[in-house]
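Here is how the chains run, residue by residue.
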Amino acid sequence: MRGRKPQLTFSDQIKLRTIQAAYGQGSAEEEAFWLNIRKGRDALFERKRKWGKQTAEEKRKVAKECSKRYAERHKNDPKRIEAHRIAANEWYHRHKNDPGFMEKNRKNKLAWLQKKAEKELQS
């Protein structure tokens, strides 16, 4: 057999040794054994190739669904809430002196005040 031989499981090694003991090394039966092993590996690779492919868009979609399910399962977890609080506070302190961040906060606050004033006028 030419080429690299695939790594065998323990049971396949026993089958190979049995064939080699009965028919000798390099026999037609041994070649058939290796051909069968390769055919099985190729079929496995083909299944993985066929069903394992995903576009980047599909990967993002699946990741988003998984993330939503995880968040739904853990939304009331106190450890998660505390970790989020700490991370949000750290993020704020990292960005609080950034001029772009300050400008965005100012715009958001003005928009909120305007909406609030409109609601008070309507009621």
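See the structure shown above.
Residues numbered from 1 in each chain as written. Predicted model: local features only at pLDDT ≥ 70, side-chain atom pairs only at ≥ 80, totals over all residues. Heavy atoms only, no water.

Points about a nonpolar patch on the surface
On the surface, a nonpolar cluster with roughly 330 Å² of combined accessible area is contributed by L110, W112 and L113. Topologically, W112 is positioned in helix α5 (residues 99–122). (Patch = residues over 30% accessible without salt bridge, like charges linked within 9 Å, V, L, I, M, F, W, Y side chains within 5 Å. Areas by Shrake-Rupley, 256 points an atom, 1.4 Å probe, with all protein chains shown as cover. Salt bridge = Lys/Arg side-chain N within 4 Å of Asp/Glu carboxyl O. Helix = DSSP H or I, 4+ residues; strand = E, 2+ residues; numbered from the N terminus.)

As for the side chain of E30
Mapped onto the elements, E30 comes out in helix α2 (residues 28–52). The class for E30 is buried, based on a relative accessible area of 6%. Sequence-distant contacts of E30, that is, excluding residues within four places in its chain, are made with L16, I19, Q20, G24 and Q25. (Buried < 20%, exposed > 50% of the residue type's maximum accessible area, 1.4 Å probe, protein only. Contact = heavy atoms within 4.5 Å.)

Section: the pattern of salt bridges
Tallied over the full model, the rule gives four salt bridges. Two residues, E72 and K75, come together in a salt bridge whose shortest N-O distance is 3.2 Å. Given a relative accessible area of 51%, E72 falls into the exposed group. Among the salt bridges present, the one from E103 reaches R106, with a minimum N-O distance of 2.9 Å. Of this pair, E103 and R106 both sit in helix α5, three residues apart, which is roughly one turn of the helix. In this structure E103 comes out as partly exposed when scored by relative accessible area, which is 36%. A residue is classified by how much of its surface remains accessible, and R106, at 45% relative accessible area, is partly exposed.

Side note on the packing of aromatic side chains
One pass over the full model with this rule turns up three aromatic pairs. Where W91 meets F101, the ring centres are 5.3 Å apart and the plane angle is 75°; that geometry is what we call edge-to-face. Of this pair, W91 sits in helix α4 (residues 78–95) while F101 sits in helix α5, and the two are ten residues apart along the sequence. Taken together, the aromatic side chains of W91, Y92 and F101 make up a single cluster linked through ring pairs. (Phe/Tyr/Trp six-rings, centres within 6.5 Å; stacked < 30°, edge-to-face > 60°.)

Re the environment of R60
Residue placement: R60 occurs in helix α3 (residues 56–74). For the pair R60 and A43, spaced 17 residues apart in the sequence, the C-alpha separation amounts to 28 Å.

So, the nonpolar core
Among the nonpolar cores identified, the biggest contains six residues, and these are L8, L16, I19, F33, W34 and I37. When contributions to this core are tallied by element, the ones reaching two or more residues are α1 (10–23) and α2. Here this core takes three residues from α2, the largest share from any one element. (Core = buried A, V, L, I, M, F, W, Y, C linked by side-chain atoms within 4.5 Å.)

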